[in-house]
Amino acid sequence: QVQLMESGGGLVQPGGSLRLSCVASGSFFSIATMGWYRQAPGKQRELVADISSGGSTNYADFVKGRFAIARDNAKNTVYLQMNTLKPEDAAVYYCNYKSWYANVWGQGTQVTVSS
């Protein structure tokens, strides 16, 4: 069974950077599409970025040019590098594992952008 553990959230000033990490336990990491989603208070969860098993990436328009997703299959880890953060990027960020095998969510990590 796949389990996900996110880390790297925190408080950052506008214009700052954070790197989120998500480590997956269990098998079949390399075949999964891994994604980062976020949910702000009172809003629906939305896709931020995802990366396929082959390394193809997909970004929401609101993060293009600022965020970068990457994966390290040897470490069962997916990363989200977030640069030039804005107050509207504040949310709980969730890691997602999606494959024929399972669709699994992490517990989320809080990102706060404030001066």
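Use the structure listed above.
Residues numbered from 1 in each chain as written. Predicted model: local features only at pLDDT ≥ 70, side-chain atom pairs only at ≥ 80, totals over all residues. Heavy atoms only, no water.

**Q** Lay out the nonpolar core in plain terms, naming residues and giving numbers.
**A** Core analysis: the largest hydrophobic core is formed by 30 residues, its most contacted members being Leu4, Met34, Trp36, Leu80, Met82 and Tyr93. Listed by contribution, the elements that provide at least two residues to this core are strand 3 (18-25), strand 4 (33-39), strand 5 (46-51), strand 7 (67-72), strand 8 (77-82), strand 9 (91-98) and strand 11 (109-113). The contact partners of Tyr93, leaving out residues within four places of it in the chain, are Glu6, Leu20, Trp36, Tyr37, Arg38, Val48, Phe67, Leu80, Met82, Gly108, Thr109 and Val111. (Core = buried A, V, L, I, M, F, W, Y, C linked by side-chain atoms within 4.5 Å. Buried < 20%, exposed > 50% of the residue type's maximum accessible area, 1.4 Å probe, protein only. Helix = DSSP H or I, 4+ residues; strand = E, 2+ residues; numbered from the N terminus. Contact = heavy atoms within 4.5 Å.)

**Q** Give me the lowdown on the packing of aromatic side chains, citing residues and values where you can.
**A** Applying the stated criterion to the full structure yields 4 aromatic pairs. Ring geometry for Trp100 and Tyr101: centres 5.7 Å apart, planes at 75°, overall edge-to-face. Taken together, the ring pairs connect Phe28, Trp100 and Tyr101 into an aromatic cluster. Seen from the ring of Trp105, Arg45 lies directly overhead, with NZ or CZ sitting 4.6 Å from the centre. Sitting above the plane of the Phe29 ring, Arg71 keeps its charged end 4.8 Å from the centroid. (Phe/Tyr/Trp six-rings, centres within 6.5 Å; stacked < 30°, edge-to-face > 60°. Lys NZ or Arg CZ within 6 Å of the ring centre and 35° of its normal.)

**Q** Hey, could you go over the state of the cysteines for me, with residue numbers and the actual values?
**A** Linking two cysteines covalently through their sulfur atoms gives a disulfide. Per the stated rule, a full pass over the model turns up 1 disulfide. Residue pairing for Cys22: its cysteine sulfur links by disulfide to Cys95, the two sulfurs lying 2.1 Å apart. One disulfide, between Cys22 and Cys95, carries an S-S torsion of -80° and so falls in the left-handed class. A residue pair is termed long-range when its members are at least 10 positions apart, and Cys22 in strand 3 and Cys95 in strand 9 qualify at 73 residues. (Disulfide = S-S within 2.5 Å.)

**Q** With reference to specific residues and values, describe the sheet that holds strand 3.
**A** Taken together, the 4 strands give an open sheet; going across it, the order is 1-3-8-7, and neighbouring strands pair in antiparallel fashion. The open sheet has two edge strands with one neighbour each: strand 1 (3-7) and strand 7. Going across the sheet, the axis of each strand differs from the next one's by a mean of 15°, ignoring polarity. Of the pairings in the sheet, the one linking strand 3 to strand 8 comprises 6 bridges and is antiparallel in character. Bridge pairing in strand 8 links Cys22 to Val78. (Pairing = 2+ DSSP bridges. Axes fitted to C-alpha atoms, helices over the stretch in contact; angles between N-to-C directions.)

**Q** Just give me the short version of the environment of Gly35, but keep the residues and values in it.
**A** Locating Gly35 in the fold gives a position in strand 4. Taking the relative accessible area as the measure of exposure, Gly35 reaches 2% and is therefore buried. As a C-alpha pair, Gly35 and Ile69 span 34 residues in sequence and 8.4 Å in three-dimensional space. Gly35 has contacts with Ala49, Asp50, Tyr94, Cys95 and Asn96, leaving out every residue within four places of it along the chain.

**Q** Which residues make up the pairing of strand 8, and what values do they have?
**A** Most of strand 8 sits inside the fold, with 5 of its 6 residues counted as buried. The turn linking strand 7 back onto strand 8 is made up of 4 residues, and Asn76 within it adopts a positive phi angle of 50°.

**Q** Residues and numbers for unusual backbone geometry, please.
**A** In this model, Asn76 sits at a positive phi of 50°, which is unusual for a non-glycine residue. With respect to the helices and strands, the residue Asn76 is situated in the loop between strand 7 and strand 8. The phi dihedral of Thr84 falls on the positive side, at around 50°, and the residue is not glycine. Along the chain, the position of Thr84 falls in the loop between strand 8 and strand 9.

Geometric values such as these leave the question of function open.
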